[in-house]
Every structure is written in C-alpha cells, then in structure tokens.
Amino acid sequence: MKTMKITFTLAALLVCFSAFSQRKVFDNVVDVEVRSTVEITNNKQIVGYAFFYKIDKMKKSAMFRLAILDENLKEIGSNEFEGPKDLLLTRAVYESNHIFLSFYDEDKKEGYAR
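In this text, all values refer to a predicted model and were calculated from it rather than measured experimentally.

Each value, and the rule that gives it
- Residues numbered from 1 in each chain as written.
- Predicted model: local features only at pLDDT ≥ 70, side-chain atom pairs only at ≥ 80, totals over all residues.
- Heavy atoms only, no water.
- Helix = DSSP H or I, 4+ residues; strand = E, 2+ residues; numbered from the N terminus.
- Buried < 20%, exposed > 50% of the residue type's maximum accessible area, 1.4 Å probe, protein only.
- Areas by Shrake-Rupley, 256 points an atom, 1.4 Å probe, with all protein chains shown as cover.
- Phe/Tyr/Trp six-rings, centres within 6.5 Å; stacked < 30°, edge-to-face > 60°.

## A closer look at the overall build of the chain
Stage number 1. When helices and strands are counted, the chain shows one helix and six strands.
Stage number 2. Counting helices and strands in the order they occur from the N terminus, the chain gives α-β-β-β-β-β-β.
Stage number 3. Every one of the 114 residues in the chain was classed for burial, and the buried ones make up 24%.
Stage number 4. Per element, the accessible surface of the chain, about 8,900 Å² overall, is 54% carbon and sulfur.

Right, dumping it as structure tokens:
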C-alpha cells in the first residue's frame, strides 16, 4: 500500500512539472535550419534567449534570422540579415540597455579563432 501511494505521488509530481514547461511556437515558418540558441545573461542571470536561424542559402552567403525573446519567451524583436554560410551565434550578454552578440565564422580562421 505504501509503495502504491509513493508511486501515485511521484506520478502526480511528474505531471505537474511537465505541465508548466515553457514553449515557443514561431508562425509563418516554412523551412528553417536552427544554427544556434543561446541564453542572454546579465550578471550571470538569464534575462532572455536568442534564436539564430538560417532561412535561405545563396551561392557565397546565407540569409539569417535572429529572434530575441525575454525570459517568458515573449518575442522582443527580430532581424533578418545576410552573412557567411557558416556563421554561428555563440554568446549574448545584456548590459546597460544593450545586447552584445558574439558570432563565430567557421570559414574565417586567419591563424586564430574569432
């Protein structure tokens, strides 16, 4: 009887944890390659998220979309731009009303890692 109570209690806890998880659905998306997803930090505390997508390939470059979301996954803003094919978003930091983004281009090494 005790093991049955423990089993039902654990099952109820699992249902509660899965019911309150966050999720985000993007509208009007046809074919997107997720390049990277990073959290935006401020003093080692997560204040938002940045999603970086490749939305179109070209001969020597690619079109990307950068979406900035707050900690509740509400979209704050987004931007589409052209860049090198192998561009990755590695880090995002928020400080003094500015968001600093760090990108890495796998193609351009020039003797050091950028």
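Now that the structure has been shown, we can carry on.
## Examining the packing of aromatic side chains
Stage number 1. Inspection of the entire model under this criterion finds six aromatic pairs.
Stage number 2. Pairing Phe51 with Tyr53 gives two aromatic rings, centres 6.4 Å apart and planes at 20°, and the pair type is stacked. Each of the two residues, Phe51 as well as Tyr53, counts as buried.
Stage number 3. Here the aromatic rings of Phe64 and Phe81 are separated by 6.0 Å at their centres, their planes lie at 40°, and the arrangement is tilted. Of this pair, Phe64 sits in strand E3 (residues 62–70) while Phe81 sits in strand E4 (residues 75–83), placing them 17 residues apart in sequence.
Stage number 4. Relative accessible area serves as the criterion here: at 0%, Phe64 is assigned to the buried category.
Stage number 5. An aromatic cluster is defined as three or more aromatic residues linked by ring pairs; in this entry it consists of Phe52, Phe64, Phe81 and Phe103.

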